[in-house]
Every structure is written in structure tokens, then in C-alpha cells.
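Chain by chain, the residues run as shown.
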Amino acid sequence: QVQLVESGGGLVQAGGSLRLSCAASGDIFGINVMGWYRQAPGKQRDLVATLTTGGSTAYADSVKGRYTISRDDAENTVYLQMNTLKPEDAARYSCNLIQWNDRNYWGKGRLVTVSS
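Structure report, in brief. (Residues numbered from 1 in each chain as written. Predicted model: local features only at pLDDT ≥ 70, side-chain atom pairs only at ≥ 80, totals over all residues. Heavy atoms only, no water.)

**Concerning the sheet that holds strand β8 (residues 77-82)**
Going by this rule: Two strands make a pair as long as DSSP finds a minimum of two bridges between them. What counts as a helix is a DSSP run of H or I of at least four residues, what counts as a strand is a run of E of at least two, and both are numbered from the N terminus. To get an axis, fit a line to the C-alpha atoms, keeping to the stretch in contact for a helix; angles then go from 0 to 180 degrees between the N-to-C directions.
Strand order across the open sheet formed by 4 strands is β1-β3-β8-β7, with antiparallel pairing between neighbours. The sheet is open, and its two borders are formed by β1 (2-8) and β7 (67-72), each paired with just one other strand. Each strand of the sheet is rotated relative to its neighbour by a mean of 15°, with strand direction disregarded. Inspection of the sheet shows strand β3 (residues 18-26) paired to β8 by 6 bridges, in the antiparallel sense. Following the sheet pairing, L18 is matched in β8 by M82.

Put into C-alpha cells, the structure is as follows:
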């Protein structure tokens, strides 16, 4: 089993910045990719950013140039730096981890609120 614990997020004014962290623990091996997804009320969950073990990143078009995903391998932690936040970025952001065997794990999520 893998546990994902997120931290960060909160309330920020439009144009501001926030950072999310996701610490993985447990049976951590063979991680293929870690990433962040978000879900706003009444909407589907969408991919925000992913980071493979090899270092490849992918971003949703809506966050390109504003968000950066990174990781600290020593701490088994992945980060999401969010800059120039917009009201439409407000959502619950959840961390995701996929292992080599396609096992999929999710964190509980953190709320990001952006005031206009």
C-alpha cells in the first residue's frame, strides 16, 4: 500500500501563488508517474500536471507557463508550484501516483480558493 499526504493550498488572491506538496510513503517502489489533478464543484476531475520517473512533465493547457511540477526523490515528495492564480483555478487538488503495475493511488486532496 502507498499513502499520499498532501499539504499546502488555501486561499489566495487572483495573481498570487500557492504551493502544494504530496508526500508518498509505504510500499514505494516502481513509481511510474506522479501527478496532480483538480476537481471544481460540479465538474469532472481534470489532469493538471504529471511527472514521470524519467523526469518528463506534462501540463494541462490551462496551466502551462504558470504551474510547475517537481519532486524531491530523497523525500518521496512531489510539488506543484502555482503562480499567477486565477479564479478558475479554484478546485480541490489531488495527488496521484501510478506504480509500474498500474496500481493507482490518490491523496485526499487540498482545497485551493482564489478570490477575484
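Moving on from the model shown.
**Here's the deal with the pattern of salt bridges**
Inclusion rule: Whenever a carboxyl oxygen of Asp or Glu lies within 4 Å of a side-chain nitrogen of Lys or Arg, that contact is scored as a salt bridge. Residue exposure (1.4 Å probe, protein chains only): buried if accessible area is under 20% of the type maximum, exposed if over 50%, otherwise partly exposed.
For the structure on display, the rule yields 4 salt bridges. R71 is the salt-bridge partner of D73, the closest N and O atoms lying 2.7 Å from each other. Judged by relative accessible area, D73 falls into the exposed class, the value being 52%. The exposure class of R71 is partly exposed, given its relative accessible area of 33%. Each of R38, R66 and D89 takes part in a single network of salt bridges with overlapping partners.

**Details of the nonpolar core**
Convention followed: To define a nonpolar core, start from buried Ala, Val, Leu, Ile, Met, Phe, Trp, Tyr and Cys residues and group those joined through side-chain atoms within 4.5 Å. Should any heavy atoms of two residues lie within 4.5 Å, those residues are considered in contact.
Counting residues in each nonpolar core, the largest one holds 27 residues, and the members touching the most others are L4, W36, L80, M82 and Y93. If we skip the residues at most four places from it in the chain, M82 touches G16, S17, L18, L20, R66, Y67, Y93 and V112.

**A look at the packing of aromatic side chains**
Put simply, the rule is: Aromatic pairs are defined between Phe, Tyr and Trp rings, using the six-membered ring for Trp, whenever the two ring centres lie within 6.5 Å; interplanar angles under 30 degrees are classed as stacked, those over 60 as edge-to-face, and all others as tilted. The rule for a charge over a ring is simple: NZ of Lys or CZ of Arg within 6 Å of the ring centre, and within 35 degrees of the ring normal.
In the structure shown here, the tally under the stated rule is 1 aromatic pair. Between Y37 and W106, the aromatic rings sit 5.0 Å apart at their centres with planes inclined by 70°, giving edge-to-face as the arrangement. With Y37 in strand β4 (residues 31-39) and W106 in strand β10 (residues 104-106), this pair connects stretches of sequence that are 69 residues apart. Positioned over the ring face of W106 is R45, at 3.6 Å from the centre of the ring.

**Overview of the state of the cysteines**
Formally: Here, the term disulfide refers to a pair of cysteine sulfur atoms separated by no more than 2.5 Å.
Summed over the entire model, instances satisfying the criterion amount to 1 disulfide. At a sulfur-sulfur separation of 2.0 Å, the disulfide partner of C22 is C95. Where C22 bonds to C95 through sulfur, the torsion about that S-S bond is close to -80°, and the disulfide is left-handed. Of this pair, C22 sits in strand β3 while C95 sits in strand β9 (residues 91-99), and the two are 73 residues apart along the sequence.

**Observations regarding the environment of G16**
Along the chain, G16 turns up in the loop between β2 (10-13) and β3. A C-alpha to C-alpha distance of 8.4 Å links G16 and V114, two positions 98 residues apart in sequence. Excluding residues that lie within four positions of it along the chain, G16 makes contacts with M82, N83, T84 and L85.

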